[in-house]
Amino acid sequence: MRRMWTGKYVRSPLARALITNMASQIEGDADLETQEWYQCSTDLLGETVRTLFIQSHLDPDTQAFLKHSGDKSGWLFTQLYHSFVSTVLSPLVSRTSINGLLGRGSMFVFSPEQFRQLLRISPEWRADRLLDLGAGDGGVTEVMGAHFREVYATEVSPPMKWHLQRRNYNCLNLLDRCDNPLDLLKGMQRSLVPGTGRVILAAVLPFQPYVEMGGRWQRPKERLRVKGKTWEEQVTSMTNDVFLEAGLEVEAVTRLPYLCEGDMYKEYYMLDDAVFVLKALSKD
């Protein structure tokens, strides 16, 4: 259907926000084709990766997150306040910290069911310790933490640390984890409990790393050699090149949407994620 008029040229910010919000509500339920978020052309994966791929699906917990994000996007005056604060603070404070201060921007990577499917565990399975690096507000940590007796989380953003501590997680400090990614992977490998330790790593693809310092984005000091243009090619490259160099091998991988609560302009934001289960490379 052809749109005859929009609020593009409305001068008043409030009027423009009202028009944009109404338009997004009308179009919010249009064909989302969310099942495409989980699709993988397994024939394009390398032979060593093909058998490790686990097919995920849109499930009720993911749908509930999307609905809540849509409802929250309609809280017009809350969104106006968030937009104003973000505009004022963005030159000085990282986006992560702004979201922490405002209590917005919650992330969703996997549901409890998707997590158990990826690890091939039952609802009753328990292990000793979980360490979540870069835990944000702890939403994803909570999904994993149900299966561990002790939960530790790291986060550089002070407001996000407050959220983690309110969830009673043992919050540790961590220097920006993206600046030296290969060193981080090698450190993970060395920290794994022999035999049973696992790394659950989510990577947004296509791989375009940056480091957020205050309100600025910059390239990391260390660059990972991730080859390929498609999701499947980059998953294969990370498996065969990046992880092996760090002494890690892939046990399972799935494709999931990396979802984030939206704002007055969009109900939610989505990036393509590859979620890996890694173990220490056998020395045999």
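Now for a look at the structure at hand. (Residues numbered from 1 in each chain as written. Predicted model: local features only at pLDDT ≥ 70, side-chain atom pairs only at ≥ 80, totals over all residues. Heavy atoms only, no water.)

Along the backbone of the chain there are 10 helices and 10 strands. The 284 residues of the chain split such that 44% are buried. Considering only contacts within the chain whose residues lie at least 6 apart along the sequence, 64% involve residues at least 24 apart. Accessible surface for the chain amounts to roughly 16700 Å². Of this, 54% is attributable to carbon and sulfur atoms. (Helix = DSSP H or I, 4+ residues; strand = E, 2+ residues; numbered from the N terminus. Buried < 20%, exposed > 50% of the residue type's maximum accessible area, 1.4 Å probe, protein only. Contact = heavy atoms within 4.5 Å. Areas by Shrake-Rupley, 256 points an atom, 1.4 Å probe, with all protein chains shown as cover.)

Attention now moves to the packing of helix 9 (residues 181–191) against helix 10 (residues 231–245). Where helix 9 contacts helix 10, the axes come no closer than 8 Å and their chain directions differ by 70 degrees. In terms of orientation, helix 9 lies roughly perpendicular with respect to helix 10. Here helix 9 contributes Leu182, Leu185 and Lys186 to the contact with helix 10, which in turn contributes Val242, Phe243 and Glu245. Considering only residue class, the contact of helix 9 with helix 10 consists of four nonpolar, no polar and two charged. (Axes fitted to C-alpha atoms, helices over the stretch in contact; angles between N-to-C directions. Parallel < 35°, antiparallel > 145°, perpendicular 65-115°, else oblique. Nonpolar A, V, L, I, M, F, W, Y, C, P; charged D, E, K, R; others polar.)

The next point concerns the pattern of salt bridges. Scanning the entire structure with this criterion turns up seven salt bridges. One salt bridge in this structure joins Asp71 and Lys67, with 3.0 Å as the shortest N-O distance. Here Lys67 and Asp71 lie together in helix 3 (residues 60–73), a separation of four residues that amounts to about one turn. A relative accessible area of 40% means that Asp71 is categorised as partly exposed. (Salt bridge = Lys/Arg side-chain N within 4 Å of Asp/Glu carboxyl O.)

A few words now on the nonpolar core. Buried together is how nonpolar side chains tend to be arranged in soluble globular proteins. Leu185, Leu201, Trp231, Val235, Phe243, Phe276 and Leu278 are the most contacted members of the largest nonpolar core, which has 27 residues in total. Those elements that provide at least two residues to this core are helix 9, strand 6 (199–204), helix 10, strand 9 (248–261) and strand 10 (268–280). Sort the elements by how many residues they give to this core and helix 10 lands first, with five residues. Beyond its immediate stretch of four places on either side in the chain, Leu201 contacts Leu185, Phe243, Ala274, Val275, Phe276 and Leu278. Counting residues in hydrophobic clusters, the runner-up holds 26 residues, among them Phe108, Phe115, Val151 and Ala252. (Core = buried A, V, L, I, M, F, W, Y, C linked by side-chain atoms within 4.5 Å.)

Aromatic ring pairs are described here by two measures, namely the spacing of the ring centres and the angle between the planes. For the structure on display, the rule yields six aromatic pairs. Ring centres 5.9 Å apart and planes at 80 degrees place the aromatic pair Trp37 and Tyr268 in the edge-to-face group. Taken together, the positions of Trp37 in the loop between helix 1 (13–27) and helix 2 (47–50) and Tyr268 in strand 10 put the pair 231 residues apart, joining distant regions of the chain. Take Trp37 and Tyr268: they sit in the same class, and that class is buried. (Phe/Tyr/Trp six-rings, centres within 6.5 Å; stacked < 30°, edge-to-face > 60°.)

So, on to the environment of Arg255. The residue Arg255 is located in strand 9 in this model. The buried category is assigned to Arg255, whose relative accessible area is 12%. As for Arg255 and Tyr38, which are separated by 217 residues in sequence, their C-alpha atoms are 5.3 Å apart. Excluding residues within four positions of it along the chain, Arg255 makes contact with Trp37, Tyr38, Gln39, Cys40, Phe53, Ile54, Ser56, Trp231, Glu232, Asp272 and Asp273. Of the polar contacts made by the side chain of Arg255, one reaches the backbone oxygen of Gln39; its length is 2.7 Å. Within the structure, Arg255 has its side chain in polar contact with the side chain of Asp272 (distance 2.8 Å). (Polar contact = N/O pair within 3.5 Å; in protein donor to acceptor, adjacent residues only side chain to side chain.)

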